[in-house]
Amino acid sequence: MYYIGIDLGGTKIASMLINSEYEVLARLTVPTRHEEGEQSVIGRITGSAQHLCDSASVEMRQVGRVCVGSPGPIIRQSGMVLDAPNLGWKNVALAPLVSNALGVPVIVENDANAAAVAENLLGAGKASRNMMYITVSTGVGGGLVLDRRLYRGSGGAAGEIGHTTVLPNGPLCGCGNRGCLEALASGTAIARRGQEIAHRPAGRGIAQLAVDGPVTAMTVAEAARRGDRAATAILRDAFEYLGIAVANAANLLNLDTVVIGGGVAGIGDMLFDSVRYEVRARTFAFVAEQCKIVPASLGADSGALGAACCAAGACA
Ligand SMILES: [Zn+2]
């Protein structure tokens, strides 16, 4: 039997065809172009699935299930995407629409949950029983694998560590709350602080690196690498908040592994050292000792691969 995983992102749709041993037989990435509307995005999803089958000489009827990893909250039972601002989608019956077009069963899963499954099964959390996956990029997402099963909570929204409060009355988050981790430690939050300081004398080091465009999180990271104090302070603050959130999760769940991925995690040691320090400083000694904090190992593959693993029934 074969399975297809599709990672539906704001800019691209990545897809993979795997067999029952989780071996990748074909992969494809196409632009999402969500501005062309829902029907055309769904057309690209079904087109990708068909292309994967064709390129691996697999018949669609040999595909046991397709899983689409989607941003934002979903309703698993009905296969609905409730609210995905990056796609401009609200209440889209994604699974039924894709299933009707392909003639195979289709499920939807939150994209960070799918990535958590991939890292748990095949990546940095391979030996883990109780794991949290956190992706720090434009936003901050998360997924929980507890007792080797994906933990979805009552309505499928478990693991949203990005919207846990780490600073009362902190900056306003896209979700409407103040002081969410996402509003303080995401790539967007780091870039915003970089942009603010770039207009001041202390931000000259950052401004000099952004002559050709806006200050991004990567501009701030590069300035910090060159020893810039303002950039270093911005990252130190962001990673302290991330560490606080991870320490809270470690205390709450007695995790054995926290896997951190996403573009901001690519900054590397500075992030991981801060998070490990906060966990050692803020959790019981035995909780800290049991909790490994490691970089994700599957990179951009984790979304599509995780969705394919979910299609195959992994961590169910
Ligand atoms: Zn929030």
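Predicted, not measured: the structure shown is a model, and the values here were computed from it. (Residues numbered from 1 in each chain as written. Predicted model: local features only at pLDDT ≥ 70, side-chain atom pairs only at ≥ 80, totals over all residues. Heavy atoms only, no water.)

Novice: How do you make sense of the overall build of the protein chain when you look at a structure like this?
Specialist: Counting its secondary structure elements, the protein chain contains eleven helices and 13 strands. In summary, the protein chain has a C-alpha radius of gyration of 20 Å against a globular reference of 20 Å for 316 residues, a match within 12%. Along the first, second and third principal axes, the C-alpha set of the protein chain runs to 60 × 50 × 35 Å. Per-residue burial for the protein chain yields a buried fraction of 52% across its 316 residues. Taking as baseline every contact in the protein chain between residues at least 6 positions apart, the subset at least 24 positions apart corresponds to 61%. Looking at the protein chain as shown, the accessible area adds up to about 14,100 Å², and 50% of this sits on carbon and sulfur atoms. When the 26 positive and 27 negative side-chain charges of the protein chain are each reduced to one mean point, those points stand 3 Å apart. (Helix = DSSP H or I, 4+ residues; strand = E, 2+ residues; numbered from the N terminus. Rg over C-alpha atoms; globule rule 2.2 N^0.38 Å. Buried < 20%, exposed > 50% of the residue type's maximum accessible area, 1.4 Å probe, protein only. Contact = heavy atoms within 4.5 Å. Areas by Shrake-Rupley, 256 points an atom, 1.4 Å probe, with all protein chains shown as cover. Lys, Arg positive; Asp, Glu negative; His and termini not counted. Charge placed at Lys NZ, Arg CZ, Asp CG, Glu CD.)

Novice: What's the story with the sheet that holds strand β6 (residues 80-84) in this structure? I'm lost.
Specialist: Backbone-to-backbone hydrogen bonds pair the strands of a sheet. The strands run either parallel or antiparallel. Judged by pairing direction, the sheet is antiparallel, and its three strands sit side by side in the order β5-β6-β7 without closing on themselves. At either margin of the open sheet sits one strand with a lone partner, and together these are β5 (74-75) and β7 (89-92). Both β6 and β7 contribute to a ladder of three bridges, which runs antiparallel. From the neighbouring strand, V81 faces β7, where its bridge partner is V92. (Pairing = 2+ DSSP bridges.)

Novice: It is not clear to me how the coordination of the zinc ion should be interpreted in this structure. Could you clarify?
Specialist: Four donors placed tetrahedrally around a metal ideally meet at 109.5 degrees, and six donors placed octahedrally ideally meet at 90 or 180 degrees. Taken together, H163 (ND1), C173 (SG), C175 (SG) and C180 (SG) make up the full set of protein donors to the zinc ion, lying 2.0 to 2.3 Å away. Coordination of the zinc ion draws on donor residues from a single chain, spaced H-x9-C-x1-C-x4-C in sequence. C175 gets classed as partly exposed once you look at its relative accessible area, which sits at 45%. Residue classification places C180 among the buried residues on the basis of a relative accessible area of 0%. (Donors = N, O, S within 2.8 Å, 3.2 Å for Na, K, Ca; no water.)

Novice: What's the story with the domain arrangement of the protein chain in this structure? I'm lost.
Specialist: Interface extent is often summarised as the accessible area lost during association of the parts. Here the protein chain is partitioned into domain 1 (2-117 + 301-311) and domain 2 (127-297). Summing both sides of the interface, domain 1 and domain 2 together bury roughly 810 Å²; the carbon and sulfur share of this comes to 55%. Ranking the residues of domain 1 by area buried against domain 2 places A112, N113 and A116 at the top, with a combined share of 51%. Along the contact surface separating domain 1 from domain 2 lie one salt bridge. Where domain 1 touches domain 2, the interface holds one residue pair in polar contact (both at pLDDT 80 or more). Of all the elements in the fold, those that place two or more residues in the side of domain 1 that touches domain 2 are β8 (106-110) and α3 (111-122). Counting residues per element, the side of domain 1 that touches domain 2 draws most heavily on α3, at five residues. (Domains from an automatic or database assignment. Buried area = accessible area lost by both parts, 1.4 Å probe. Salt bridge = Lys/Arg side-chain N within 4 Å of Asp/Glu carboxyl O. Polar contact = N/O pair within 3.5 Å; in protein donor to acceptor, adjacent residues only side chain to side chain.)

Novice: Would you take a moment to explain the packing of aromatic side chains for this structure?
Specialist: Working definition: an aromatic ring pair is given by the centre-to-centre distance plus the angle between the planes. Going through the model one piece at a time under the given rule, you end up with one aromatic pair. Aromatic pair F284 and F286: ring centres 5.8 Å apart, planes at 10°, arrangement stacked. (Phe/Tyr/Trp six-rings, centres within 6.5 Å; stacked < 30°, edge-to-face > 60°.)

Novice: In this structure, what is going on with the sheet that holds strand β13 (residues 292-295)? I would like to understand it.
Specialist: Read from one edge of the open sheet, five strands run β11-β10-β9-β12-β13, paired in mixed fashion. The open sheet has two edge strands with one neighbour each: β11 (149-151) and β13. On average, adjacent strands in this sheet sit at an angle of 25° to one another, irrespective of strand direction. Across four bridges, strand β12 (residues 257-261) lies against β13 in parallel orientation. (Axes fitted to C-alpha atoms, helices over the stretch in contact; angles between N-to-C directions.)

Novice: Explain unusual backbone geometry to me, please; I cannot follow it from the model alone.
Specialist: Backbone phi values are negative for most residues with the exception of glycine, while trans is the configuration of most peptide bonds. Phi is positive for N169, close to 60°, though the residue is something other than glycine. Inspection of the secondary structure puts N169 in the loop between β11 and α4 (181-185). N169 sits in the exposed class, given a relative accessible area of 71%. You will see that N254, though not glycine, has its phi angle at about 50°, which is positive. A residue is classified by how much of its surface remains accessible, and N254, at 36% relative accessible area, is partly exposed.

Novice: Explain helix α5 (residues 187-198) here, please?
Specialist: Since the α-helix turns once every 3.6 residues, residues separated by three or four places project in the same direction. Between its first and last C-alpha, α5 extends 16 Å over twelve residues, near the 16 Å set by a 1.5 Å rise per residue. Within the span of α5, buried status applies to G187, A189, I190, A191, G194 and A198. Where α5 is buried, its residues meet α4, α6 (204-208), α7 (217-225) and α8 (229-253). (Expected span 1.5 Å × (residues − 1).)

Novice: Sorry, what's going on with the pattern of salt bridges here?
Specialist: Side-chain pairing between opposite charges can occur once the charged atoms of the two side chains come close. Across all of its chains, the model carries twelve salt bridges by this definition. A salt bridge links R33 to E36, with the shortest nitrogen-to-oxygen separation between them at 2.9 Å. The class of R33 is partly exposed, set by a relative accessible area of 37%. On the basis of relative accessibility, which here comes to 44%, the residue E36 falls in the partly exposed class. When the shortest N-O distance is used, the salt bridge between E222 and R225 registers 3.3 Å. Of the two residues, E222 and R225 are both situated in helix α7; the distance of three residues between them amounts to about one turn of the helix. Overlapping salt bridges bring together R33, E36 and R44 as one network.

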